[in-house]
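Residues per chain, in single letters:
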Amino acid sequence: MADITAAMVKDLREKSGAGMMDCKKALNENGGDMDAAMDWLRTKGLAAAAKKSSRTAAEGLVGVVTSGTMGAAVEVNSETDFVAKNDQFQDFVREATQVALDQGESIDTIKAAKLPSGKTVEEALTNNIATIGENQSLRRARKLEVSKGAVVSYVHNQASPGLGKIGVLVALESEAGDDVLQALGKNIAMHIAAAFPLALNEDDLDDDVIERERGIAQEKAAESGKPADIVAKMVDGAIAKYRKEHALVSQLFVMDGKTKISDVVAKAGKDAGAEIKLVDYVRFQLGEGIEKETSDFAAEVAAASGVAQK
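Here's a quick rundown of the structure.

Conventions we followed
- Position labels on residues start from 1 in each chain and follow its written sequence.
- The predicted origin of the model limits local features to residues at a pLDDT of at least 70 and limits the giving and counting of side-chain atom pairs to 80 or more, whereas totals for whole chains, interfaces and linings rest on all residues.
- The basis for every side-chain value is the complete set of heavy atoms in the structure, and neither hydrogens nor water enter the calculation.
- Like charges within 9 Å and nonpolar side chains (Val, Leu, Ile, Met, Phe, Trp, Tyr) within 5 Å are joined into patches, using only residues over 30% in relative accessible area that form no salt bridge.
- Each accessible area value is a Shrake-Rupley result obtained with a 1.4 Å probe; residue values ignore everything except the protein chains displayed when judging cover.
- Within this document, salt bridges are pairs made up of a side-chain nitrogen of Lys or Arg and a carboxyl oxygen of Asp or Glu, the two lying within 4 Å of each other.
- Secondary structure follows DSSP: runs of H or I at least 4 residues long count as helices, runs of E at least 2 residues long count as strands, and numbering of each begins at the N terminus.
- With a 1.4 Å probe rolled over the protein chains alone, any residue whose accessible area is under 20% of its type maximum counts as buried; one over 50% counts as exposed, and the rest are partly exposed.
- Where helices are involved, their axes are fitted lines through C-alpha atoms of the stretch in contact, as for all axes, and angles between N-to-C directions lie from 0 to 180°.
- Relative orientations are named as follows: roughly parallel for angles under 35 degrees, roughly antiparallel for angles over 145 degrees, roughly perpendicular for angles from 65 to 115 degrees, and oblique for any other angle.
- Residue contacts are defined here by distance: any two heavy atoms, one from each residue, within 4.5 Å place the two residues in contact.
- Charged residues are taken to be Asp, Glu, Lys and Arg, nonpolar residues to be Ala, Val, Leu, Ile, Met, Phe, Trp, Tyr, Cys and Pro, and polar residues to be all remaining types, Gly included.
- By the convention used here, strands pair only if DSSP detects at least 2 bridges between them.
- Remark: nonpolar core denotes a set of buried residues (Ala, Val, Leu, Ile, Met, Phe, Trp, Tyr, Cys) joined through side-chain atoms within 4.5 Å.
- The span you would expect from a helix comes to 1.5 Å times its residue count less one.
- Think of the arc as the fan of directions from the helix axis to the C-beta atoms.

Here we look at a nonpolar patch on the surface
Then comes step 1: Among the surface-exposed residues, Met-190, Val-254 and Met-255 lie close enough to one another that they form a single nonpolar patch of about 250 Å² accessible area.
Then comes step 2: With respect to the secondary-structure elements, Met-255 resides in the loop between helix H10 (228–246) and helix H11 (261–272).
Then comes step 3: The class of Met-255 is partly exposed, set by a relative accessible area of 44%.

The structure is reproduced here in structure tokens:
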């Protein structure tokens, strides 16, 4: 059996919202595997809602920029939040985001591009690390473009114009007026920032994610003791609900809690006298999916002495 340390229990408790003893049991039942323990807690109904989107674990900034039918988003990470307030760092993020808009979302292409200073993006990043004294990285970039219409941006927790903790882009294809598209796009972008959809449409949801949810739903339903055909229907119902709640177009608009996003877009198009299509979106949340190292003094001392904390 794997040694379950206090640090492991603490980590699972923070991620799941479950009680300490439940977290310890989940880890013991799953040989210390954190992901399996999380699924075990969810199966037993002991875990709070998944907190992946809120448990960000890296600092830095997300930058967004738009120009008519184009828009780009970039994430640049740093070790501490202090760097995100540094003018030199903020200028770099803005310049890198503009490069993504002009040359595309390939990180290699962005790094090789020349900035107004004459340095490449990669050289400027290296210089920042040397002068600011903290490791930094250009993590990811996305560019959206439509043939007609607009790409609209929104920044949540804005640190400076176009820079913040969450950056969103919304691509709307239409011949409707720019004022209509900007207003609609801003509202949808704010919804995306808050609701964290996993895909544009239900069919776009990751197959692996769906299968994982199906496994959890199967275990929950099986514990009901109902006949196999009823269990199967319960599982199908749970997956259908999951798809609707995590695909953007079928989510309920956060501003009224009752209208599907697809209907919000359709109504805006009808009012404007021109069809509007929501064709794509980007949502970058700072540090999403990155595990941040934390210091647990007691655990470190125990590890150094070769004793696992229980």
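Next, the rest of the story.
A closer look at the packing of helix H8 (residues 178–195) against H11
Then comes step 1: Following both chains from N to C, one finds H8 and H11 inclined at 170°, their axes separated by 11 Å at the closest point. Comparing their axes, H11 and H8 come out roughly antiparallel. Here H8 contributes Val-180, Leu-184, Ile-188 and His-191 to the contact with H11, which in turn contributes Ile-261, Val-264, Val-265, Ala-268 and Ala-272.
Then comes step 2: A class-by-class count of the residues in the contact of H8 with H11 yields eight nonpolar, one polar and no charged.

Looking at the pairing of strand E5 (residues 163–174)
Then comes step 1: Most of E5 sits inside the fold, with 10 of its 12 residues counted as buried.
Then comes step 2: As paired strands, strand E4 (residues 149–160) and E5 are joined by 10 bridges and run antiparallel to one another. Bridging across to E5, Val-155 finds its partner in Gly-167.
Then comes step 3: The hairpin turn running from E4 into E5, its antiparallel successor, is two residues long, and Gly-162 in that turn takes a positive phi close to 80°.
Then comes step 4: Alignment of E5 against strand E6 (residues 276–285), held across nine bridges, turns out to be antiparallel. In the sheet register, Ile-166 faces E6, and the bridge partner there is Gln-285.

Comments concerning the nonpolar core
Then comes step 1: Core analysis: the largest hydrophobic core is formed by 26 residues, its most contacted members being Val-170, Ile-276 and Leu-278.
Then comes step 2: Put simply, the parts of the chain that give this core at least two residues each are E4, E5, H8, H11 and E6.
Then comes step 3: It is H8 that provides the largest number of residues to this core, a total of six residues.
Then comes step 4: Val-170 has contacts with Ala-150, Val-151, Val-152, Gly-185, Ile-188, Ala-189, Ile-192, Leu-278 and Asp-280, leaving out every residue within four places of it along the chain.
Then comes step 5: Formed by 22 residues, the second largest nonpolar core is a distinct cluster that contains Val-65, Val-74, Ala-84 and Ala-113.

Regarding the environment of Gly-164
Then comes step 1: Note that Gly-164 resides in strand E5.
Then comes step 2: Placed 122 residues apart in sequence, Gly-164 and Leu-286 show a C-alpha to C-alpha distance of 8.2 Å.
Then comes step 3: Each residue touching Gly-164, except ones within four places of it in the same chain, is listed here: Leu-61, Val-62, Val-155, His-156, Asn-157, Gln-158 and Ala-159.

With respect to the environment of Arg-94
Then comes step 1: Here Arg-94 shows up in helix H5 (residues 87–103).
Then comes step 2: Overall, the relative accessible area of 31% leaves Arg-94 in the partly exposed class.
Then comes step 3: The sequence separation of Arg-94 and Ala-73 amounts to 21 residues, and the corresponding C-alpha distance is 9.9 Å.
Then comes step 4: Contact partners of Arg-94, with chain neighbours within four places excluded, come to Ser-160, Pro-161 and Leu-163.

Side note on H10
An α-helix turns once every 3.6 residues. As a result, residues three or four positions apart point the same way.
Then comes step 1: The end-to-end C-alpha distance of H10, which contains 19 residues, comes to 27 Å, matching closely the 27 Å that a straight helix rising 1.5 Å per residue would cover.
Then comes step 2: Those residues of H10 that fall on the buried side of the exposure criterion are Val-231, Val-235, Ile-239, Tyr-242 and His-246. Projected down its long axis, H10 shows its buried positions confined to an angular sector of 70°, all on one face. Turned more than 90 degrees away from the buried face of H10, the exposed residues are Lys-233 and Lys-241.
Then comes step 3: Against the buried residues of H10 lie helix H9 (207–222).

Examining H9
Then comes step 1: The terminal C-alpha atoms of H9, which comprises 16 residues, lie 22 Å apart, in line with the 22 Å expected from a rise of 1.5 Å per residue.
Then comes step 2: Within the sequence span of H9, burial applies to Ile-210, Glu-213, Ile-216, Ala-217 and Ala-221. For H9, the arc enclosing every buried residue in end-on projection is 130°, short of the 170-degree limit, so these residues lie on one face. Facing away from the buried side of H9 by over 90 degrees, the exposed positions are Asp-207 and Asp-208.
Then comes step 3: Each element contacted by the buried residues of H9 is listed here: helix H3 (34–43) and H10.

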